[in-house]
Amino acid sequence: MKYVLVTGGVVSGLGKGVTASSIGVLLKACGLRVTSIKIDPYLNTDAGTMSPFEHGEVYVLDDGGEVDLDLGNYERFLDIKLTRDNNITTGKIYQAVIDKERRGDYLGKTVQVVPHITDAIQEWIERVALIPVDGLPGPADVCVIELGGTIGDIESMPFTEALGQFSYRVGAGNFCLIHVSLVPVISAVGEQKTKPTQHSVRGLRSLGLTPNILACRSTSALEENVKQKLSQFCHVPAENIITLYDVPNIWHLPSLLRDQKAHEGILGALNLPGFVNVAREPNLKEWTSRAEFCDMLLEPVRIAVVGKYTGLSDSYLSLLKALLHASVSLRKKLVVDWVPASDIEDETARENPDAYKAAWKLLKGADGVLVPGGFGDRGVEGKILAAKYARENRIPFLGICLGMQIAVIEFARSILGLQDANSTEFDPDTKSPCVVFMPEGSKTHLGGTMRLGSRRTYFQVMDSKSAKLYGNRGFVDERHRHRYEVNPDMVSSLEDAGLLFTGKDKTRQRMEIVELPNHPYYIGTQFHPEFKSRPGKPSALFLGLIAAACGQLDPLLHAHKFPNGMAKKISLYQNGNATKFAKIPADGIYSNCNGVHA
């Protein structure tokens, strides 16, 4: 097994995750099988109880792992399926060591950070790196490891020590360290400054880690004299110093790395130039085509995202990617209008009329409405108003998790006349509980107690839009993250009034998909389809939302069947003429060319 470690210095937010993912894409394009590990030095066992405002979205894996959003980047970039163990946290490591100590595995020794914690980290890495993640038997060729945070952080010290030991343990020809650092440009003098990177590398070396490659973030390509200076002071060959400068969209990044021969430096450090499966030049033709294709998109499609965490777009990262995948597949330039759910409520109209008017203007100007998941009662009434607006005005609507639940609540209030209809999450004493707590859930322990991971949904109505979008299959496997569900005792009343539950679990007691059959596109899902969306295989329901927003849904529903996702070429009819849409490869990364933070 070969290992590539990606560390960061100077400041956080430099794009280590995107860099690590792009390195994986580059190595995959050379013919290597790649897996990934993300190390998060925080004490939480996992990301499940973290605020989206503080940490971004919680990404859910097939096995139910609640992990860092960077694992979502890895899965989408490399088209792989990771496990919860691919996300290492301080909490997990310490818990494992303490469990061993309680069992007496250390035979009475004093348990210390070195060697017991550092050994546990190394053993975890070696074990997880062998897990196949690409659907093929046997381990991958290379494991890309990202160390979260920046070098010198107190909480990451045990990991840097462990990785320093690990580099010697596996040997120089099996370990490559890439350090992502900042080369700022001082506006007053317009000069690229190397001192922050010098200090960062010095700190890295003092901790027992020596970089093989420097990846320098800067607004423009590094000048030659700057490269020479970095090479001299950081002890890195000039040819192994690459610039990650600003590009129109980040689909250009793998090509940027290739053009600077980053793969040669990595393969050289890993002693792989003569490896039988390694190509001399990575095949990134599809990547280049995708980047150029995205840059050329002009015709916009506007989607209003009515959510609670709109102040930080990373809170909805997978959702943004799924919208992007669908819009690119349909040759549209995605424009996302962030609508804070609480801003469209009546209370805001009284307290802040300007914010109220601005929010409603965005909502009414959208081609489609998306209401994502969330927890807590803040903004719930605003989400209900958004669902009502989309239903009454026949605007394409997609509700995810809580978004599906509020669609059911709104329907019960407006159509069934149950004015007090609500979820017991928000009103435990409601007389019309449309949404209830799942019986197997826990109200005392929050972490890992939800209905999590991949679950099977069986289609009940094959003539429904959702069934057609999924290729008329009998069932679909999607990822879940919820502890409340539609009250099965109210299903018959809701269906009699015209709300159709087209997808249910195997017991038929859990509602998974809801639709309004007489609406152009009004679908809610209890699962999170965004987690399995890929650039070449956009989520079926997101593709339907974008198609409906563009007036292309009917041709899409009748043009093709998609039994294996959306990777095949599809024919859509625009203005009566058939238009072929090129396949967008599945091993891609994402673009901010639409003006959305990527």
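Please read these numbers as outputs of a predicted model, since none were measured by experiment.

How each quantity is defined
Residues numbered from 1 in each chain as written. Predicted model: local features only at pLDDT ≥ 70, side-chain atom pairs only at ≥ 80, totals over all residues. Heavy atoms only, no water. Helix = DSSP H or I, 4+ residues; strand = E, 2+ residues; numbered from the N terminus. Rg over C-alpha atoms; globule rule 2.2 N^0.38 Å. Buried < 20%, exposed > 50% of the residue type's maximum accessible area, 1.4 Å probe, protein only. Lys, Arg positive; Asp, Glu negative; His and termini not counted. Salt bridge = Lys/Arg side-chain N within 4 Å of Asp/Glu carboxyl O. Contact = heavy atoms within 4.5 Å. Pairing = 2+ DSSP bridges. Axes fitted to C-alpha atoms, helices over the stretch in contact; angles between N-to-C directions. Core = buried A, V, L, I, M, F, W, Y, C linked by side-chain atoms within 4.5 Å. 1 Å grid on protein atoms, 1.4 Å probe; cavity = no way out; pocket = protein on both sides within 12 Å on 5 of 7 lines; lining within 4 Å. Points joined across faces, edges and corners; volume = space filled by probe spheres on them. Nonpolar A, V, L, I, M, F, W, Y, C, P; charged D, E, K, R; others polar. Expected span 1.5 Å × (residues − 1). Arc of directions from axis to C-beta. UniProt positions renumbered as here; feature names shortened; annotations may be inferred. Phe/Tyr/Trp six-rings, centres within 6.5 Å; stacked < 30°, edge-to-face > 60°.

Participant: Just to check I follow, could you spell out the overall build of the chain for this structure?
Facilitator: Check the secondary structure of the chain and you find 20 helices and 25 strands. Expected size for 598 residues packed as a compact globule is a radius of gyration near 25 Å; at 25 Å, the chain falls within 12% of this value. In terms of overall dimensions, the chain has a C-alpha envelope of 75 × 65 × 50 Å along the principal axes. A buried classification covers 57% of the 598 residues belonging to the chain.

Participant: Can you walk me through the side chain of Lys308 in this structure?
Facilitator: Take Lys308: it is sitting in the loop between strand E12 (300-307) and helix H12 (317-329). Asp377 is the oppositely charged side chain nearest to the buried, salt-bridge-free Lys308, at an N-O distance of 6.1 Å. Those residues in contact with Lys308, other than ones at most four positions away along the chain, are Phe53, Tyr316, Phe375, Gly376, Asp377, Arg378 and Lys383.

Participant: What am I meant to see in the sheet that holds strand E23 (residues 522-525) here?
Facilitator: The pairing of strands in a sheet happens through backbone hydrogen bonds and is either parallel or antiparallel. Here we have nine strands laid out as an open sheet, ordered E13-E12-E14-E15-E23-E22-E21-E18-E19, and mixed in their pairing. Sheet topology places strand E13 (333-340) and strand E19 (475-482) at the edges, where each strand pairs with a single neighbour. The average angle at which neighbouring strand axes cross in this sheet is 25 degrees, direction not considered. Pairing geometry for strand E22 (residues 511-515) and E23, over three bridges, is antiparallel. Within the sheet, the bridge partner assigned to Glu515 lies in E23 and is Ile523. Against the sheet, helix H16 (residues 402-414) makes contact with strand E14 (368-371), strand E15 (397-400), strand E21 (500-504), E22 and E23, and its axis sits at roughly 115 degrees relative to E15, the strand it touches most.

Participant: What is the right way to look at the nonpolar core in this model?
Facilitator: Where a protein is soluble and globular, its nonpolar side chains tend to be buried together. The biggest cluster of nonpolar side chains holds 47 residues, and the ones touching the most others in it are Val4, Leu27 and Ile266. At seven residues, helix H1 (residues 16-29) tops the list of elements feeding residues into this core. With residues up to four places along the chain from it excluded, the contact list for Val4 reads Ile23, Leu27, Val142, Cys143, Val144, Ile145, Cys176, Ile178, Ile266 and Leu270. By size, the runner-up hydrophobic cluster in this structure holds 45 residues, among which are Ala322, Ala467, Ile513 and Leu543.

Participant: What should I look at first to understand the layout of surface pockets in this one?
Facilitator: By volume, the largest pocket amounts to about 1,200 Å³. Along the walls of the largest pocket sit 43 residues, with Gly13, Leu14, Gly15, Lys16 and Asp314 positioned nearest its centre. Looking at the lining of the largest pocket, the elements that each hand over two or more residues are H1, strand E2 (34-40), helix H2 (52-55), helix H3 (69-78), strand E11 (241-245) and H12. Of the residues that constitute the lining of the largest pocket, the class distribution is 17 nonpolar, 13 polar and 13 charged.

Participant: Would you explain helix H11 (residues 285-296) in this entry?
Facilitator: Residues spaced three or four apart along an α-helix face the same direction, because each turn holds 3.6 residues. Its twelve residues place the ends of H11 17 Å apart at the C-alpha level, agreeing with the 16 Å of an ideal helix rising 1.5 Å per residue. Those residues of H11 not exposed but buried are Trp287, Arg290, Ala291, Phe293 and Cys294. Buried residues along H11 cover an arc of 165 degrees about the axis, so they all sit on one side. Across from the buried face of H11, at angles greater than 90 degrees, the exposed residues are Lys285 and Met296. Packing partners of the buried residues in H11 comprise H1, H3, helix H9 (253-259) and H12.

Participant: Explanation requested: the UniProt feature "domain: CTP synthase N-terminal" (unreviewed entry) in the chain in the structure shown.
Facilitator: UniProt tags residues 2-272 as "domain: CTP synthase N-terminal" (unreviewed entry). Secondary structure within residues 2-272 divides into 41% helix and 18% strand; the distance between the first and last C-alpha atoms comes to 9 Å.

Participant: Where do I start with the packing of aromatic side chains in this structure?
Facilitator: Two aromatic rings are characterised by how far apart their centres lie and by the angle between their planes. Taken as a whole and assessed by the stated rule, the structure comprises eleven aromatic pairs. A ring pair is formed by Tyr3 and Phe166, whose centres lie 4.8 Å apart and whose planes are at 80 degrees; its orientation type is edge-to-face. A residue pair is termed long-range when its members are at least 10 positions apart, and Tyr3 in strand E1 (residues 2-8) and Phe166 in helix H6 (residues 157-170) qualify at 163 residues. Of the two residues, Tyr3 and Phe166, both sit in the buried class. An angle of 35 degrees between the planes, with centres 6.0 Å apart, marks the rings of Tyr309 and Tyr316 as tilted. For the residue pair Tyr309 and Tyr316, the accessibility class agrees, reading buried in each case.

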